[in-house]
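Structural features, examined
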Amino acid sequence: MTAAAELMARAELYSLLAKALAYPEAALREAFLSGGFLEQVREAVTQLSPRESLLAAIQSLKAAVEEVALAPGGLEAEHTCLFARQVLCPPNEASYGTDATFGGVGEIADVASFYAAFGFQVAPEAKQLPDHACVVLVFVAALYAKEAYAVEQGWSERADLCVRAREKFLKEHLGRWFPAFAARLRELAQLGFYPAVAGLAQAALFPGASP
């Protein structure tokens, strides 16, 4: 497997995880229940190394999907409870950061500056702030895709720029709040699906960290 192919597999994985944290509309829910989503995740993960923690996380996700199949309507209610109406587990960095009291304005602005540097924009119809978990994971996916393209073209400086930006973004943003978000999901979620999605994201983003 080429380096570019592995980078694209990572881009695909983060895109899928972002979708999994979005509200489960009918088409998305069907992808979960039919096994199509899980198969796409598995295909992406099998192209990565090291794979042990990721494969274990996939097993947890598989069990969680099977649980969802036994609880019709439960995933929609779970998403609303966790992320919207009661907001038991805020999916935004600003809710966990040092300036949360002020709405996380500084953190959101810094995240937006990363996006601007790479020409990344949040679609207006997304109705999500720049620091939302779904948006952030799509941005990480975009960085991997840009790096893959640079590698294919032999643009070493551009590829290195993507690597350094991603490492800085993980250190200054995702690494500071996503573990707390995942822990809160494990504590408060009624179904195993969203904790399993966050667990897989953690295993991919921070391979040496404990859940």
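Please refer to the structure higher up on the page.
Presented here is a report on the structure given in the accompanying data block. It should be emphasised that the depicted structure is a prediction, and the values quoted were computed from it without experimental measurement.

1. Points about the nonpolar core
Counting 68 residues, the largest nonpolar core has Leu 174 and Phe 193 as its most contacted members. Beyond its immediate stretch of four places on either side in the chain, Leu 174 contacts Val 136, Val 140, Phe 169, Pro 179, Leu 205 and Phe 206.

2. Quick word on the packing of aromatic side chains
Using the criterion set out here, one finds 18 aromatic pairs in the structure. Centroid distance Phe 83 to Tyr 194: 5.3 Å. Interplanar angle 80°. Geometry classified as edge-to-face. Separated by 111 residues along the polypeptide, Phe 83 in helix H5 (residues 74-84) and Tyr 194 in helix H9 (residues 193-205) bring together distant segments of the chain. Relative accessible area serves as the criterion here: at 0%, Tyr 194 is assigned to the buried category. These aromatic residues form a ring-pair network of at least three members: Phe 32, Phe 37, Phe 83, Tyr 96, Trp 177, Phe 178, Phe 181, Phe 193 and Tyr 194. Of note, Arg 166 hangs over the ring of Tyr 144, and the distance from its end group to the ring centre comes to 3.9 Å.

3. Some words on the packing of helix H3 (residues 36-45) against helix H4 (residues 52-69)
Viewed as axis vectors pointing N to C, H3 and H4 meet at an angle of 175°, and their least axial separation amounts to 10 Å. The angle between H3 and H4 places the two elements in the roughly antiparallel class. Between H3, through Phe 37, Leu 38, Val 41, Arg 42 and Val 45, and H4, the contact on the second element is made entirely by Leu 54, Leu 55, Ile 58, Leu 61 and Lys 62. Grouping the constituent residues of the contact of H3 with H4 by class yields eight nonpolar, no polar and two charged.

Reading the values: rules and limits
Residues numbered from 1 in each chain as written. Predicted model: local features only at pLDDT ≥ 70, side-chain atom pairs only at ≥ 80, totals over all residues. Heavy atoms only, no water. Core = buried A, V, L, I, M, F, W, Y, C linked by side-chain atoms within 4.5 Å. Buried < 20%, exposed > 50% of the residue type's maximum accessible area, 1.4 Å probe, protein only. Contact = heavy atoms within 4.5 Å. Phe/Tyr/Trp six-rings, centres within 6.5 Å; stacked < 30°, edge-to-face > 60°. Helix = DSSP H or I, 4+ residues; strand = E, 2+ residues; numbered from the N terminus. Lys NZ or Arg CZ within 6 Å of the ring centre and 35° of its normal. Axes fitted to C-alpha atoms, helices over the stretch in contact; angles between N-to-C directions. Parallel < 35°, antiparallel > 145°, perpendicular 65-115°, else oblique. Nonpolar A, V, L, I, M, F, W, Y, C, P; charged D, E, K, R; others polar.

Keep in mind that these numbers describe shape and distance, not what the molecule does.
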